[in-house]
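# Descriptive analysis of the structure
Single-letter residue listing:
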There are 2 protein chains.
Amino acid sequence: MSERKRGELIVLSGPSGAGKSTVIAELLSARPDIHFSVSFTTRPPRAGEEDGVSYNFVSREEFQRMIRDGELLEYAEYVGNYYGTSLKVIRDQLDQGVDVLLDIEVQGAAHVKEKCPEAVLIFLIPPSVEELSRRLRGRHTDGEDAIALRLDKAREECRECPKYDYLVVNDTVVSAARQIQSILEAERCRVHKRLRFAESFINKSDT
Amino acid sequence: MSERKRGELIVLSGPSGAGKSTVIAELLSARPDIHFSVSFTTRPPRAGEEDGVSYNFVSREEFQRMIRDGELLEYAEYVGNYYGTSLKVIRDQLDQGVDVLLDIEVQGAAHVKEKCPEAVLIFLIPPSVEELSRRLRGRHTDGEDAIALRLDKAREECRECPKYDYLVVNDTVVSAARQIQSILEAERCRVHKRLRFAESFINKSDT
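What counts as what
As a convention, each chain's residues are numbered from 1 in the sequence order in which they are written. Working convention: letters from A go to chains and numbers from 1 go to ligands, in the order in which they are written. Reporting in this predicted model follows two pLDDT cut-offs: at least 70 for local features of residues, and 80 or more for side-chain atom pairs to be given and counted; totals over whole chains, interfaces and linings ignore these cut-offs and use all residues. In this scheme every C-beta is placed from the backbone, and a residue whose C-beta has 20 or more other C-beta atoms within 10 Å is buried, one with 12 or fewer is exposed, and one in between is partly exposed. Each helix corresponds to a stretch of at least 4 residues labelled H or I by DSSP, and each strand to a stretch of at least 2 residues labelled E; elements are numbered beginning at the N terminus. Here the rule is simple: two strands pair whenever DSSP picks up at least two bridges between them. Copies are brought into register by a least-squares superposition over C-alpha atoms of residues with pLDDT of at least 70 in both. Residues are treated as contacting if the C-beta atoms built from their backbones sit within 7 Å of each other. Any residue outside Ala, Val, Leu, Ile, Met, Phe, Trp, Tyr, Cys, Pro, Asp, Glu, Lys and Arg is labelled polar, Gly included; the first ten of those are nonpolar and the last four are charged. Here the axes come from fitting lines to C-alpha atoms, over the contacting stretch only for helices, and the angles between their N-to-C directions go from 0 to 180 degrees. Arc definition: directions from the helix axis to the C-beta atoms. The predictor attaches a confidence to each residue, called pLDDT, with possible values from 0 through 100.

Residues and elements named next belong to chain A. Residues of strand 9 (residues 166–169) alternate between two faces, with Tyr166 and Val168 on one and Leu167 and Val169 on the opposite face, all of them buried. Note: strand 8 (residues 120–125) against strand 9, four bridges, orientation parallel. The partner of Ile122 across the bridge, within strand 9, is Tyr166.

In structure tokens:
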């Protein structure tokens, strides 16, 4: 099939504790050809987070400059910190036929869908509130008040999931990553993305 | 995940020579839980075709009675023969959560989509006109005139593919069957099919 293909833009969101980071790691190990877009943020790095890998950590001043200079596809403020996505990197990858994965918050995802209606929005959800609560407590980074706040925030974010195209339940990391791969493969088969191929078939005379 | 699920209704169409039968065989061997709906037809069996397996072969009179009695989800006349799908069997399977696969012509597929908008329509296309021509000649069942007619018919059917949800190119039987499996898995993750799960998540209080 000699059809020239454009990459798929996949946006993954989900509440804190949904397991996004581990699912993304599993997905990228199965599909190393996917370009994972590293977001820019003004929030301080957590233990173990590396600049340029987990996030590009920048100052508030630098982030505001990027907003002014139109360098961001989307950005959002979340719990007092900025998060944003570089426009140019993504455009270049998609044009080269590379699939691009974005890990962004609910607000940012809505902006991406506005600017790129062909983006595929996936919401990752924990299997239950009980499991989410267990995972947040297991982190040992937050007190009970902070956990209650995160659970409320999670419920609030889940209310936005009807704006997404797909809902993936993170029962196990392997099955969630496999479902995202299936979504990616299915999206590539969408009729409107393959009409040029169908047309070439119709118009070509038999040899 | 205790969510009660309904089966997916998958409609597979494609021109004669696209390789539908072999792709379906491969798919059902990988996913024996899928119920393959055996169509009713008035066309005479080809060599090797078994009643109740390839088709339910019935007389023209019997088929017309089924139409009158409203027993068919869809039916179509194609090259002088009737083809149709039993409504009751499919409904029962879907209600039990079983995925159902229909192999039907373009006309019938449009009728199914009208009656069941949630049906997933997949169009199977050969990798090229040259390959289709080669496959039709390889069958040794048709003369050159019949082959020319089938190629024209194939092009005509492909014009209908924008009415489908997905276009799967049958480069190899294994990859085509895998793509259909991915489509099925992705469709099960569609947000509107999982809203009840998301709602239960939102409304359940932490324990």
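So, next bit.
All right, on to the relation of the copies chain B and chain A then. You can overlay chain B on chain A at an RMSD of 0.0 Å; the transform is a turn of 180 degrees with a shift of 0.0 Å along its axis. What we have between these two chains is a two-fold relation. For chain B, the minimum C-alpha distance to the rotation axis belongs to Ser182(B) and amounts to 2.2 Å.

Contact residues are listed per partner, giving 36 residues for chain B and 36 residues for chain A. Among the residues forming the side of chain B that touches chain A, the class breakdown is 22 nonpolar, four polar and ten charged.

Time to look at the sheet that holds strand 5 (residues 72–78) of chain B. Residues and elements named next belong to chain B. In spatial order, the strands read 4-3-6-5; together these four strands make up an open sheet with mixed pairing. The open sheet is flanked by strand 4 (56–57) and strand 5, the only strands paired with a single partner. Sitting on the sheet, helix 2 (residues 60–68) touches strand 3 (40–41), strand 5 and strand 6 (81–86), and the angle it makes with strand 6 is about 45 degrees.

On to helix 4 (residues 106–115) of chain A, then. Residue and element names in this part refer to chain A. Val106, Gly108, Ala109 and Val112 are the residues of helix 4 that are buried. For helix 4, the arc enclosing every buried residue in end-on projection is 155 degrees, short of the 170-degree limit, so these residues lie on one face. Away from its buried face by more than 90 degrees, helix 4 exposes Glu114 and Lys115. Buried residues along helix 4 sit in contact with strand 1 (9–13), strand 5 (72–78), strand 6 (81–86), strand 7 (100–103), strand 8 and helix 6 (144–158).

A few words on the sheet that holds strand 1 (residues 9–13) of chain B. All names here are of chain B. Spatially, 2-7-1-8-9 is the arrangement adopted by the five strands of the open sheet, whose pairing is parallel. Looking along the sheet, the strands with just one partner apiece sit at the ends: strand 2 (35–37) and strand 9 (166–169). Direction aside, neighbouring strands of the sheet carry axes that sit 25 degrees apart on average. Inspection of the sheet shows strand 2 paired to strand 7 (residues 100–103) by three bridges, in the parallel sense. The residue of strand 7 that forms the bridge with His35 is Val100.

This part covers the confidence of the model for chain A. Per-residue confidence for chain A gives a mean pLDDT of 90; residues scoring 70 or more make up 97%. Our summary of model confidence lists the complex with pTM equal to 0.87 and ipTM equal to 0.85.

All right, on to helix 1 (residues 20–30) of chain A then. Residues and elements named next belong to chain A. Those residues of helix 1 lying buried are Val23, Ile24, Glu26 and Leu27. All buried residues of helix 1 project into a common sector of 160 degrees when viewed along the axis, lining one side. Across from the buried face of helix 1, at angles greater than 90 degrees, the exposed residues are Ser21 and Ser29.

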